Amino acid sequence: MHTIEKIGGTSMSDYESVRDNIIFKGAHNGDLYQRVFVVSAYGGITDKLLEHKKNGRPGIYGLFANSMEDKTWLHAVADLKVELHEINQGLFGDTELLEEANNFIDERINDAQTCLVDLHSLCMHGHFALDAHLATVREMLASIGEAHSAWNTATLLRRDGVNACFLDLTGWNTDKHVSLDERIRLAFEDLDLSKVLPVVTGYAHSQDGLMSSFDRGYSEMTFSRLAVITQAREAIIHKEFHLSSADPRLVGEENAVPIGRTNYDVADQLANLGMEAIHPKAAKGLRQNNIALRVKNTFEPEHAGTLITGDYVSDTPCVEIIAGCKGVYALEIFDQDMAGNIHDYDHEVLSTIKRFKAHIVSKDINANTITHFLATNLKTVKRIRAALEERYPDAEFNQQKVAIVSAIGSDMQIPGILAKTVQAVAKGDVSVLAVHQSMRQVDMQFIVKESDYDQAVKSLHESLVEIHDHGRAICLAS
């Protein structure tokens, strides 16, 4: 009977839109209940607790992890507390609820600061190493953002007439270390979803640690496991934009359309490019349990959004979306000795990339050359290259900053589509550095110069997407 719904950080920062467009207008046949909301931290807060997701600028965690000689992280804690109070002021105004809200988050912040000060002192002793505790520190800090937004939202909804409850999965004062699934079961065992609307923290404490497995995708994993364990009829993600056929800022809002219907294969390809509809490991649970995922735009509540299922295949083979990523580094290794010994080289290179935690978007292999396309920063690329140059002193190395543009669809088994796609890119005067097309026929990737990225997206969208009538797909999503 119920749905599990996740609200993204940008949407969370606009409480009135969340209340009016998601809570009230999203009610099932006028019933506010039979829904569970998993919330992210307010926009930008997790970046300040951990590190900036895109540029890597350190937050409290990053500063603490690298500051045994100074305490700059304490200034970051103080700055964050001020910002959280400002958010509370904007939400609650000068009311009694403001004092309650500030007291709640101050208790979390102060407890965390005390823990970090004590840990800092402990690790000044030679028998204790800070590195052994950093994973736990990261988990603790991450939980603060979602606890803040979930407590606020539940409190505001009760003020506005909804029987909402704050469901804290962070394990802040717990004396039990249980699995994620067990923590969810314990939290929901006495809830009557027909009478109460739970607002759940996107971070959930577990004995294995969510962040060690999913890092910043942890809230989507909580969302996914909630849907599976409670046997939801549908999982819904509310974002500040539609899952569209391309970036409207590049191809024009009049040309980009919501996809309407697609499958989890397509969602995985988007995640690989860093444009997550949902974390692949979170999607796996939904897919295996036949739970449909709907992606909706918070600011267009009447629109059905895009429905993602495991078995969907487009009626007619077609390209559904043009997506990609900039800031990718191509790391090429050429070695004459590689011929006939490719397996050993490939294993060594992959192990090195994994050691430095760089994300592989794609790769090329031929007889004597391996090229990996890495979504990471230049510093990490240099470290990987240095380690491999030491391992293979006779090899030739080349690195280049590139972009990847991908044509993706649930069924792209169209005769001549590769030739047509290459022609479309060439028509836009874009030089293709490499091309990949898998036998699964769900995506084609074009490696281009970073300066050609925008034009490549426009050309592919115009030739492969804008030629179709998307009305049927959008109707099927409702």
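What you see is a predicted model, and the numbers here were worked out from it, not measured in a lab. (Residues numbered from 1 in each chain as written. Predicted model: local features only at pLDDT ≥ 70, side-chain atom pairs only at ≥ 80, totals over all residues. Heavy atoms only, no water.)

Draft legend 1. Quick peek at empty space enclosed by the protein. In this structure the tally under the stated criterion is two cavities of 30 Å³ or more. By volume, the largest cavity is sized at about 40 Å³. Every residue lining the largest cavity is listed: Leu 49, Ile 60, Val 77, Leu 80, Ile 109, Ala 112, Gln 113, Leu 116, Leu 141 and Ile 144. When contributions to the lining of the largest cavity are tallied by element, the ones reaching two or more residues are α5 (72–92), α6 (96–122) and α7 (134–159). Considering only enclosed or pocket space, the second largest cavity measures out at about 30 Å³ in volume. Forming the walls of the second largest cavity are Met 12, Tyr 15, Val 18, Tyr 42, Leu 91 and Thr 153. (1 Å grid on protein atoms, 1.4 Å probe; cavity = no way out; pocket = protein on both sides within 12 Å on 5 of 7 lines; lining within 4 Å. Points joined across faces, edges and corners; volume = space filled by probe spheres on them. Helix = DSSP H or I, 4+ residues; strand = E, 2+ residues; numbered from the N terminus.)

Draft legend 2. Here's a closer look at the sheet that holds strand β6 (residues 261–263). If you walk across this open sheet you meet the eight strands as β3-β4-β2-β1-β5-β7-β8-β6, and the pairing is mixed. Looking at which strands have only one partner, the edges of the open sheet turn out to be β3 (164–167) and β6. Strand-to-strand twist across the sheet, computed as the mean angle between neighbouring axes with direction ignored, equals 25 degrees. Here β6 runs beside strand β8 (residues 306–309); their pairing, made up of three bridges, is parallel. Bridging from a neighbouring strand, Thr 262 pairs with Ile 308 of β8. Contacting β1 (3–7), β2 (35–39), β4 (197–201) and β5 (234–239), helix α2 (residues 15–24) runs over the sheet at an angle of about 145 degrees to β2. (Pairing = 2+ DSSP bridges. Axes fitted to C-alpha atoms, helices over the stretch in contact; angles between N-to-C directions. Contact = heavy atoms within 4.5 Å.)

Draft legend 3. Examining the packing of α6 against α7 more closely. Relative to each other, α6 and α7 sit at 170 degrees, their axes nearing to 10 Å. With respect to their mutual orientation, α6 and α7 come out roughly antiparallel. The residues of α7 that touch α6, namely those facing Leu 97, Glu 100, Ala 101, Phe 104, Ile 105, Arg 108, Ile 109, Ala 112, Cys 115, Leu 116 and Leu 119, are Val 137, Met 140, Leu 141, Ile 144, Ala 147, His 148, Trp 151, Asn 152, Thr 155 and Arg 159. The residue makeup of the contact of α6 with α7, split by class, is 15 nonpolar, three polar and three charged. (Parallel < 35°, antiparallel > 145°, perpendicular 65-115°, else oblique. Nonpolar A, V, L, I, M, F, W, Y, C, P; charged D, E, K, R; others polar.)

Draft legend 4. The layout of surface pockets, seen in detail. If you add up the space inside the second largest pocket, you get close to 490 Å³. If you go around the second largest pocket, you meet 23 residues; those closest to its centre are Thr 136, Met 140, Gly 171, Trp 172 and His 205. Mapped onto the lining of the second largest pocket, the elements with two or more residues apiece are α6 and α7. At six residues, the largest contribution of residues to the lining of the second largest pocket is made by α7.

Draft legend 5. Representation of the pairing of strand β14 (residues 443–449). Of all seven residues in β14, six are buried, a share of seventy percent or more. Direction of pairing for strand β12 (residues 396–408) relative to β14: antiparallel, over a ladder of seven bridges. What sits directly across from Val 402, in β14, is Lys 449. In this structure, strand β13 (residues 432–437) lies alongside β14, joined through five bridges in antiparallel fashion. (Buried < 20%, exposed > 50% of the residue type's maximum accessible area, 1.4 Å probe, protein only.)

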